[in-house]
Amino acid sequence: MRYAVLVTGPAGSGKTTFANAFMTHLQTLKRSANLVNLDPAVSDASYEYQPAIDIKELVSLEDVMSELNYGPNGGLVYCFEYLLQNMDWLEEELGGYDDDYLIVDCPGQIELYTHHPFLPTLVQNLQRLGIRTCAVYLIESQFMEDKYKFFSGVLSAMSAMVNLEVPWINVMSKMDLVTNNSQDDPSISLPRNGVRTQKDIARYLDPDPLLLASHRGHDPNPTNPKFHALNQALVQLIEEHPLVSFLPLDLTSPDSIETVVSHIDYTMQYGEDEEPKEPKDLDEGDFSDDI
Ligand SMILES: Nc1nc2c(ncn2[C@@H]2O[C@H](COP(=O)(O)OP(=O)(O)OP(=O)(O)O)[C@@H](O)[C@H]2O)c(=O)[nH]1
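Residues numbered from 1 in each chain as written. Predicted model: local features only at pLDDT ≥ 70, side-chain atom pairs only at ≥ 80, totals over all residues. Heavy atoms only, no water.

What am I meant to see in the site of the ligand here?
With respect to spatial proximity, 14 residues lie near the ligand, and among them Lys15, Thr16, Thr17, Lys174 and Asp176 are the closest. Ser13 is positioned such that a nitrogen or oxygen atom in its backbone is 3.1 Å from an oxygen atom of the ligand. Here Lys15 contributes a side-chain N or O atom positioned 2.7 Å from an oxygen atom of the ligand. When the ligand sits alone it has 640 Å² of accessible area, and the protein chains cover 63% of it. (Near = heavy atom within 4 Å. Polar contact = N/O pair within 3.5 Å; in protein donor to acceptor, adjacent residues only side chain to side chain. Areas by Shrake-Rupley, 256 points an atom, 1.4 Å probe, with all protein chains shown as cover.)

Teacher, can you tell me more about the side chain of Ser173 here?
For Ser173, the location among the structural elements is in strand E6 (residues 168-173). Looking at Ser173, the relative accessible area reads 2%, which means it is buried. Side-chain polar atoms of Ser173 contact the backbone oxygen of Ser13, separated by 2.6 Å. The residues touching Ser173, leaving out its near neighbours within four places in the chain, are Ser13, Leu138, Ile139, Glu140, Ser141 and Leu249. (Helix = DSSP H or I, 4+ residues; strand = E, 2+ residues; numbered from the N terminus. Buried < 20%, exposed > 50% of the residue type's maximum accessible area, 1.4 Å probe, protein only. Contact = heavy atoms within 4.5 Å.)

What is the right way to read empty space enclosed by the protein from this model?
By rolling a water-sized probe across the atoms, one finds the places where empty space is left. Under the defined criterion, the tally for this structure stands at 1 cavity of 30 Å³ or more. By volume, the largest cavity amounts to about 60 Å³. Those elements that place two or more of their residues in the lining of the largest cavity are helix H4 (87-95), strand E4 (101-105) and helix H6 (118-128). The residue inventory of the lining of the largest cavity, partitioned by class, reads 9 nonpolar, no polar and no charged. (1 Å grid on protein atoms, 1.4 Å probe; cavity = no way out; pocket = protein on both sides within 12 Å on 5 of 7 lines; lining within 4 Å. Points joined across faces, edges and corners; volume = space filled by probe spheres on them. Nonpolar A, V, L, I, M, F, W, Y, C, P; charged D, E, K, R; others polar.)

Would you take a moment to explain the packing of aromatic side chains for this structure?
Each aromatic ring pair is summarised here by two numbers: the centre-to-centre distance and the angle between the ring planes. For the structure on display, the rule yields 13 aromatic pairs. Seen in terms of ring centroids, Phe22 and Tyr101 are 5.9 Å apart; in terms of plane orientation they differ by 70°. Their pairing is edge-to-face. One end of the pair, Phe22, is in helix H1 (residues 15-28); the other, Tyr101, is in strand E4, with 79 residues separating them in the sequence. Its relative accessible area of 1% is what places Tyr101 among the buried residues. Seen from their ring centres, Tyr70 and Tyr78 are 5.4 Å apart, and the 55° between their planes marks the pair as tilted. (Phe/Tyr/Trp six-rings, centres within 6.5 Å; stacked < 30°, edge-to-face > 60°.)

Any chance you could explain the packing of helix H3 (residues 72-85) against H6 here in plain terms?
Each pair of packed helices can be described by the angle between their axes along with the distance between the axes. Viewed as axis vectors pointing N to C, H3 and H6 meet at an angle of 25°, and their least axial separation amounts to 11 Å. When the axis of H3 is compared with that of H6, the two are roughly parallel. In terms of crossing hand, the pair formed by H3 and H6 is left-handed. Each of Val77, Phe80, Glu81 and Leu84 in H3 lies in contact with H6, whose residues at this interface are Phe118, Leu119, Thr121 and Leu122. (Axes fitted to C-alpha atoms, helices over the stretch in contact; angles between N-to-C directions. Parallel < 35°, antiparallel > 145°, perpendicular 65-115°, else oblique. Left-handed = near helix turned anticlockwise from the far one by under 90°.)

Which parts of the structure should I look at to understand the domain arrangement of the protein chain?
One frequent convention defines the size of an interface as the accessible area lost when the parts assemble. Looking at the protein chain, the domain boundaries give domain 1 (3-207 + 244-268) and domain 2 (210-242). Run the count over domain 1 and domain 2 and you get 0 salt bridges. Along the contact surface separating domain 1 from domain 2 lie 0 residue pairs in polar contact (both at pLDDT 80 or more). Counting residues per element, the side of domain 1 that touches domain 2 draws most heavily on helix H7 (residues 147-164), which supplies 6 residues. Of the residues belonging to the side of domain 1 that touches domain 2, the class tally is 7 nonpolar, no polar and 2 charged. (Domains from an automatic or database assignment. Salt bridge = Lys/Arg side-chain N within 4 Å of Asp/Glu carboxyl O.)

Printed below as a string of C-alpha cells:
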C-alpha cells in the first residue's frame, strides 16, 4: 500500500516547513518517506530534503511567466493545467516509489482548494493508482488574533474539505508563536486579541461560533445591520455543520509533531494492510508443543 499526504493551506501557513519536519520525524522513526513538490513556484532552497518528484522538472512558474507572459496566479493555474494534461509524467514518476509515504507539498493559492477542479482530479488519479490519500490543511496561529480572519480560515477549510472529499486533518500551525504573557495561565497566551488561557485557545481549536456572535455594539461596522445578519448566518452554518476542528502544531515540540503524525497515520489507516513479518532468527526448535 502506498500513502500520500497532501499538505495544503493558504500562502505562508507553514506547509513547506511542516513537510520538512514531517520528513525528519518519519526518518527518525526509520520509516520510509519521500517528498513530492507540487508547488511550481517554490524555491529549491526551501527544502531540507531533495524532492523525489518535483513538478518543476515538468513545468516551472518562472518559465511560464517569462515565456508566456503570465502573471503569478494565471501562471500557477497554467502549471496545474499542464500537470493534469501530463498525468502520465506523474504516474511514471510515482511508479518508482513503492511502499512509501509520499509527503506532497502543495501551492498556497486558496482558489486551488476551493474553486478549481485540479486537486480533486489529482486525488482521483492518485486513488486510481492505488495510493491511499489524505489531506492536511494548515492555518497559522496568527489567525486567532482576529476572529473575523479566523472564521474566514474556518470557512475556507470547510470549503476545501467539501471540494476534495478525502480524509482530512486541520492543523493550527506556528503554535510556538502563541507567546507567554498570561496572568491566568503562564504557559500559554496570545497577546493581541485577549486570547489568554488554554480555555480561550480551545475555543479556536474547536471553533466556537459564539466568538463570532458579537453584540451589535461590538461589530466593526455597527451601522450596517447586514454585517450583523451575515455573522448570525455564519454562526448558524458552523453550528449546524461542525466539520472543522484543529490540531495544534508546535514544531519546537517533538510531542506535538508526534501527535499530528499519529492522527495522520490513524486517518490513513497506515500499516493496517501490512503482512505480519516472519521472525528471522528463530529455528523450528525454538517453538515447542509443550509450552
Ligand atoms: N515561528 C514559526 N514560523 C514558521 C513555522 N512554520 C513556518 N514558519 C515561517 O513561516 C513562513 C512561511 O513558511 P512556509 O513553510 O514557506 O509556508 P508555506 O505555506 O509553504 O508558504 P507558500 O508555499 O508560500 O504558500 C516562513 O518564514 C517560515 O519560516 C512555525 O511552525 N513557527
